[in-house]
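What follows is each chain in one-letter form.
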Amino acid sequence: MGRPRKFDEERVIEAASRVFWRKGYEAASTDELCAATGLTRSSLFNAFTSKEHLFKRALSHYLSSRTARQAAALDAPGASGAERIRRVFALVIEDEAANRGGPGEGGPGCFSVNTITSMAHLDPEVARLVGADTERRLSALRLALMDGRLDGSVTSERDPADLAWYLNAVISGMRISGQAGADSQTLEAVAATGMDALTA
């Protein structure tokens, strides 16, 4: 019978997530993962089998927590459809401000977007994780847009599915722009332009 683990698995995955988020899968070293998690190399890989397995657990954790925050904003009781979408943009701007380095420096961007552009095409399981997350986000955006049609806050005649993809692209672009050093004022202007599409 194996000995019980003597560490908080969720805390370890959260710590590993921050390393992979900032460094990427390839650049994140085992030493960095051990330093961040507080585990020895043997403990880390006894618990998570491999760096690849730990990465997928970390990515899944990140996607679940970020999607939950956005879902809460998109399901705000009493808010119009457009206001719910505006709240998601505000979350993105808040995240990028919190993650930014020094003046003119960007943050790590979005773990999901970084993974999509660097690794999803190489690993079917990673592609499945980020694909499922994208579908959940698109579904929530579509619902907010359809509710906006009913409450009058969204007057665009474009298909809600197309608008949802557009908003998702704007959000991803804001993450990348934040990574490149765009400040909150710039991201707010991007968000305002994105909101304009809801009434165009």
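Residues numbered from 1 in each chain as written. Predicted model: local features only at pLDDT ≥ 70, side-chain atom pairs only at ≥ 80, totals over all residues. Heavy atoms only, no water.

**Structural notes on the nonpolar core**
Ranked by size, the top nonpolar core spans 28 residues in total, and within it F20, L44, F55 and L59 carry the most contacts. Residue assignment for this core shows that the elements contributing at least two residues are α1 (9-23), α2 (30-37), α3 (41-48), α4 (51-74), α6 (111-118) and α7 (124-151). A144, L167, V170 and L198 belong to the second-largest nonpolar core, a separate cluster that totals 25 residues. (Core = buried A, V, L, I, M, F, W, Y, C linked by side-chain atoms within 4.5 Å. Buried < 20%, exposed > 50% of the residue type's maximum accessible area, 1.4 Å probe, protein only. Helix = DSSP H or I, 4+ residues; strand = E, 2+ residues; numbered from the N terminus.)

**Section: the packing of aromatic side chains**
Evaluated as defined, the whole model comprises six aromatic pairs. When the ring of F20 is compared with that of F55, the centres are 5.1 Å apart and the planes differ by 90°; the resulting orientation is edge-to-face. Separated by 35 residues along the polypeptide, F20 in helix α1 and F55 in helix α4 bring together distant segments of the chain. (Phe/Tyr/Trp six-rings, centres within 6.5 Å; stacked < 30°, edge-to-face > 60°.)

**A few points about the packing of α4 against α6**
Packing of α4 against α6 leaves a shortest axis separation of 10 Å and a crossing angle of 135°. For the element pair α4 / α6, the angle class is oblique. On α6, the residues that touch F55, A58, L59, Y62 and L63 of α4 are F111, S112 and T115. For the contact of α4 with α6, the class distribution of residues is six nonpolar, two polar and no charged. (Axes fitted to C-alpha atoms, helices over the stretch in contact; angles between N-to-C directions. Parallel < 35°, antiparallel > 145°, perpendicular 65-115°, else oblique. Contact = heavy atoms within 4.5 Å. Nonpolar A, V, L, I, M, F, W, Y, C, P; charged D, E, K, R; others polar.)

**Examining the UniProt feature "DNA-binding region" (unreviewed entry) in the protein chain**
Mapped onto this numbering, the UniProt entry gives "DNA-binding region" (unreviewed entry) at residues 29-48. Counted over residues 29-48, helix gives 80% and strand 0%. Its end C-alpha atoms are 15 Å apart. (UniProt positions renumbered as here; feature names shortened; annotations may be inferred.)

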